[in-house]
Amino acid sequence: MDCIDQTDPAAYFDSYEDLKIHELMLTDKPRQDAYQKAILGNRALFAGKTVLDVGAGTGILSIFCAQAGASKVYAVEASNLARLARAVVEENQLQAVIEVSECKVEEFQLPDEERVDIIVSEWMGFFLLHEGMLDSVLYARDKFLKPNGLMFPDTATLFVAPCSVPSRFDQWEDLSGVSMRCFGRALREQNSGNPEVLTVAPEHLLYEGHIIAWFDLMEVTIEELNSIEVKDVIVAQRSGKLQGFCIWFDCTFPGDEAEQQQLSTNPSASETHWKQTVIPLPEDACEELEERDPIAFSLTMTRNKETNRRYDLQLTLLDSEKEEHHLPCECHMTKCILMKTHLEKMQVEEQL
């Protein structure tokens, strides 16, 4: 069935910006590939099963589930996109399997208090939680998922790493042969402390990635998402300019551990529409680091009091001399070198 060309786009999208956002998501190949491989690569998990797609959008994940053999898919979408999802379902001749409901999942009801075998959702926001819809997914899990049901994805991990941000600092040193340092300084002062969505090159990370939080989506509660805090000392793995902190996330899906599908927004992975989130440092906090320099910091992610789906980030640089280091610590500070030597000596003595 062909799409109806004369349909008014306003019936589907709240704004032109909304249209472009969904175009960006649909053309995000790493995102699409991860979900398609996770679902179609696990046909045995979907065959004959009932699936709930939370925040179905255009309905593409629901279609993947139907293609994988699901007997029934409930596609729940709160916006006008539900109407487009119905058209897409009809275009692919899957209306006998996929039922689209235009409502919030909190208002949705399954027939005869039925429960589903699998919940699928692309709920992730920037730095995983910001402007995401995990709360709604967890609500659906608690109300609609069978006790032995599955979540797609089933885990999520948040990472942070110190980094260089040449696009916000170094490029203004020489712009087409003109020094624009004063403009770059004004730009950084304006954005200081405010997170930015940027593409960070892997070589600009000064550390491979420190885990902020890991979520088992079968177990995590909404209350546990209210505030996330980390305080630590990490050791630079390469020299470079410390100009900010980079945040990204990975998600995994159920399936064979040997071929477990992952969706990664790591700077070393293929770029997604999420990119990475960077917290630039103030000018006076930036410094040149050498390999094995310690970096002490604290980072908190807290729900915005006015908008529940948004999160506020607070980054603080700490004194690495005063903070406790992991043992053994690989940094160049004398106390850590002595402690590492002592621990290695004890280990050798134990083996004798």
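Within any chain, residue numbers begin from 1 and follow the written order of that chain's sequence. Local features in this predicted model are restricted to residues whose pLDDT is 70 or higher, and side-chain atom pairs enter the listing and the counts only when it is 80 or higher, whereas totals over whole chains, interfaces and linings include all residues. Side-chain figures throughout are based on the complete set of non-hydrogen atoms in the structure, without hydrogens or water.

If you look the chain up in an unreviewed UniProt entry, it shows as type I protein arginine methyltransferase from Anopheles epiroticus. UniProt, in its Catalytic activity (unreviewed entry) section for the chain, records the words "L-arginyl-[protein] + S-adenosyl-L-methionine = N(omega)-methyl-L-arginyl-[protein] + S-adenosyl-L-homocysteine + H(+)". UniProt positions are given in the numbering used here, feature names are shortened, and annotations may be inferred rather than shown by experiment.

Here a helix means four or more residues in a row that DSSP labels H or I, a strand means two or more in a row labelled E, and each is numbered from the N terminus. Helices and strands together make up the secondary structure of the chain, namely eight helices and 16 strands. Summarising its shape, the C-alpha atoms of the chain cover approximately 70 × 65 × 35 Å along the three principal directions. Each residue gets one of three labels from its accessible area relative to the maximum for its type: buried under 20%, exposed over 50%, partly exposed in between, using a 1.4 Å probe on protein chains only. Relative to its 352 residues, the chain shows a buried fraction of 48%. Contacts in the chain between residues far apart in sequence, at least 24 positions, make up 74% of those at least 6 positions apart. A contact between two residues is defined here by any heavy atoms of the two lying within 4.5 Å.

Moving on: the pairing of strand 3 (residues 98-102). In terms of strand pairing, strand 2 (residues 72-77) meets strand 3 through five bridges, oriented parallel. Its bridge partner being in strand 3, Glu-77 is matched across the sheet by Glu-102. Any two strands with at least two DSSP bridges between them are considered paired.

Here we come to the sheet that holds strand 16 (residues 311-318). Taken in spatial order, the three strands make up an open sheet running 9-15-16, and their pairing is antiparallel. Edge positions in the sheet fall to strand 9 (227-235) and strand 16, since each of these pairs with one other strand and no more. Between one strand axis and the next, the sheet turns through 15° on average, direction left out of account. Bridging between strand 15 (residues 294-303) and strand 16 involves eight bridges; their strand directions are antiparallel. Its bridge partner lying in strand 16, Ser-298 is registered against Thr-316. Axis definition: a line fit to C-alpha positions, over the contact stretch in the case of helices; interaxial angles, taken between N-to-C directions, run 0 to 180 degrees.

Moving on, we get to the packing of aromatic side chains. Note on aromatic pairs: each is described by the distance of the centres and the angle between the planes. Aromatic rings from Phe, Tyr and Trp, with only the six-membered ring used for Trp, were paired whenever their centres fell within 6.5 Å, and each pair was classed as stacked if the ring planes differed by under 30 degrees, edge-to-face if by over 60, and tilted otherwise. Enumeration according to the criterion identifies nine aromatic pairs in this entry. Between Tyr-35 and Phe-253, the ring centres sit 5.0 Å apart and the planes meet at 75°, which makes this aromatic pair edge-to-face. Of this pair, Tyr-35 sits in helix 2 (residues 29-40) while Phe-253 sits in the loop between strand 11 (244-252) and strand 12 (262-264); the two residues are 218 residues apart in sequence, bridging distant segments of the chain. For Tyr-35, a relative accessible area of 1% gives the class buried. Ring centres 5.7 Å apart and planes at 70° place the aromatic pair Phe-108 and Phe-144 in the edge-to-face group. With a gap of 36 residues between them, Phe-108 in the loop between strand 3 and strand 4 (116-120) and Phe-144 in helix 6 (residues 134-144) connect regions that are remote in the sequence. Ring pairs connect the aromatic residues Tyr-35, Phe-46, Phe-152 and Phe-253, which therefore count as one cluster.

To continue, consider the pairing of strand 6 (residues 155-163). Of all nine residues in strand 6, nine are buried, a share of seventy percent or more. Covered by surrounding structure in strand 6 are Thr-155, Thr-157, Phe-159, Ala-161 and Cys-163 together with Ala-156, Leu-158, Val-160 and Pro-162, the residues of both alternating faces. The sheet contact formed by strand 6 and strand 8 (residues 210-216) spans six bridges and is antiparallel. Directly across from Leu-158, in strand 8, lies its bridge partner Ala-213.

Another aspect to go through is the nonpolar core. Among the buried residues, those of types Ala, Val, Leu, Ile, Met, Phe, Trp, Tyr and Cys that are joined through side-chain atoms within 4.5 Å form a nonpolar core. In terms of nonpolar packing, the biggest core is built from 97 residues, with Leu-52, Ile-98 and Leu-128 touching the most fellow members. Domains are outlined according to an automatic or database domain assignment. Shared between two domains, this core holds at least three residues of each, these being domain 1 (1-152) and domain 2 (154-346). Dropping the residues within four chain positions of it, Ile-98 is found in contact with Ser-62, Ile-63, Ala-66, Val-73, Ala-75 and Val-89. In this structure, Val-235, Cys-329, Met-333 and Cys-336 belong to the second largest nonpolar core, which totals five residues.

In this section: the side chain of Ser-62. Relative to the helices and strands, Ser-62 is located in helix 4 (residues 60-67). Beyond its immediate sequence surroundings of up to four residues, Ser-62 is in contact with Asp-53, Ala-56, Val-73, Ala-75 and Ile-98.

Let's shift gears to the packing of helix 2 against helix 4. At their nearest, the axes of helix 2 and helix 4 sit 9 Å apart, and the two run at 25° to each other. Of the possible angle classes, the one that applies to helix 2 and helix 4 is roughly parallel. Crossing angle aside, the handedness with which helix 2 passes helix 4 is right-handed. Mapping the contact onto sequence places Gln-32, Tyr-35, Gln-36, Ile-39 and Leu-40 in helix 2 and Ile-60, Leu-61, Phe-64, Cys-65 and Gln-67 in helix 4. Here roughly perpendicular refers to angles of 65 to 115 degrees, roughly parallel to angles under 35, roughly antiparallel to angles over 145, and oblique to all remaining angles. For any pair of crossing helices, the crossing counts as left-handed if the nearer helix is rotated counterclockwise from the farther one by less than a right angle, and right-handed if it is rotated clockwise.

On to the domain arrangement of the chain, then. Domains assigned within the chain are domain 1 (1-152) and domain 2 (154-346). Using C-alpha coordinates to define each centre, domain 1 is positioned 32 Å away from domain 2. Taken together, the contact between domain 1 and domain 2 spans 31 residues of the former and 36 residues of the latter. Counting each side, the surface lost to burial between domain 1 and domain 2 is near 3,100 Å², with a carbon and sulfur contribution of 71%. The working definition used for a salt bridge is a side-chain nitrogen of Lys or Arg within 4 Å of a carboxyl oxygen of Asp or Glu. Linking domain 1 with domain 2 are two salt bridges. Buried area is a sum: the accessible area each of two parts loses on coming together, probed at 1.4 Å, counted once for each and added.

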